[in-house]
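Read off the chains here:
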Amino acid sequence: MNKKGFTLAEVLITLGIIGIVAAMTLPTLINQTQGKELETGLKKAYSVIQSAFNQMAYDEGQIINNENYPSGQFIKKFKTYFKISKDCGRDTCESNFVDEDGTNRVSQNYKTYNNNKMRNSLLDDGQVFISDGMFIMIENMSGGINLFISVDVNGYNKKPNRWGHDLFTFQVLDNGKLLPMGAKGTSYGDNYCSTTSTSTFNGIGCTYKALTDKNYFKNLPK
């Protein structure tokens, strides 16, 4: 009785084809999985930050804005609404930078949306890690109008560490509204969420788009 089977050559060819297909599809699957994780992390971060902000406004009985909380004061109250795993003071955790020209502070840990050098001067007025791993950084400028809340949704020690990828910024307006950066009325728009921009702040304006564009995390730049 004749037995039919695959020859060694046929098996090797089949395995080779499977390997090629896997090599072609695996990077896409990995990127899709990471994108979904970052999207979920952003939505969770927005919910957590909004909830804490609303409770703070209720408890304080006043509008939360930069006028009522001058330089460095906002974080002192805001952080009490989280379970803190590490308090970095104003900037002791994200303080490593290369001082290129005496004025620009370029982070050694974070990059822009399109993977260029990123300034961290808008992250240095209060920094805390909260118990679920998120890293919150505040800009609470003295004499200015800016009150920004930035959050690394998957933590300081986990990549990609890029604005508009896992680092997102929200702005507190003068009227006390908390909005995702890039929304109408915020300080940084779509021109700060660009694949071609050379700005060291590129990516700060991505948050609104990341929350509203269903394809956003599928099209992150490499």
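Residues numbered from 1 in each chain as written. Predicted model: local features only at pLDDT ≥ 70, side-chain atom pairs only at ≥ 80, totals over all residues. Heavy atoms only, no water.

Draft legend 1. Seen up close, the overall build of the protein. Along the protein, the regular secondary structure elements total 3 helices and 9 strands. Taking as baseline every contact in the protein between residues at least 6 positions apart, the subset at least 24 positions apart corresponds to 56%. Carbon and sulfur atoms make up 54% of the accessible area of the protein, which totals about 12000 Å². (Helix = DSSP H or I, 4+ residues; strand = E, 2+ residues; numbered from the N terminus. Contact = heavy atoms within 4.5 Å. Areas by Shrake-Rupley, 256 points an atom, 1.4 Å probe, with all protein chains shown as cover.)

Draft legend 2. Representation of the side chain of T169 in the model. Within the secondary structure, T169 sits in strand β8 (residues 167–172). Relative accessible area serves as the criterion here: at 0%, T169 is assigned to the buried category. Of the polar contacts made by the side chain of T169, one reaches the side chain of S150; its length is 2.7 Å. Residues contacting T169, with those up to four places away along its chain left out, are F148, I149, S150, W163, P180, M181, I204 and T207. (Buried < 20%, exposed > 50% of the residue type's maximum accessible area, 1.4 Å probe, protein only. Polar contact = N/O pair within 3.5 Å; in protein donor to acceptor, adjacent residues only side chain to side chain.)

Draft legend 3. Quick peek at the sheet that holds strand β1 (residues 84–87). Read from one edge to the other, the open sheet built from 6 strands follows the order β1-β5-β6-β7-β8-β9, with strand pairing classed as antiparallel. At either end of the open sheet lies a strand with only one pairing partner, and these are β1 and β9 (178–180). Direction aside, the axes of adjacent strands within the sheet are offset by 25° on average. With 6 bridges joining them, strand β6 (residues 135–140) and strand β7 (residues 147–152) adopt antiparallel strand pairing. Within β7, the position partnered with N140 by the bridge is L147. (Pairing = 2+ DSSP bridges. Axes fitted to C-alpha atoms, helices over the stretch in contact; angles between N-to-C directions.)

Draft legend 4. Focus on a nonpolar patch on the surface. Where nonpolar side chains cluster on the molecular surface, the patch consists of L12, L15 and I18 and spans about 310 Å² of accessible area. For L12, the position within the fold is in helix α1 (residues 8–60). (Patch = residues over 30% accessible without salt bridge, like charges linked within 9 Å, V, L, I, M, F, W, Y side chains within 5 Å. Salt bridge = Lys/Arg side-chain N within 4 Å of Asp/Glu carboxyl O.)

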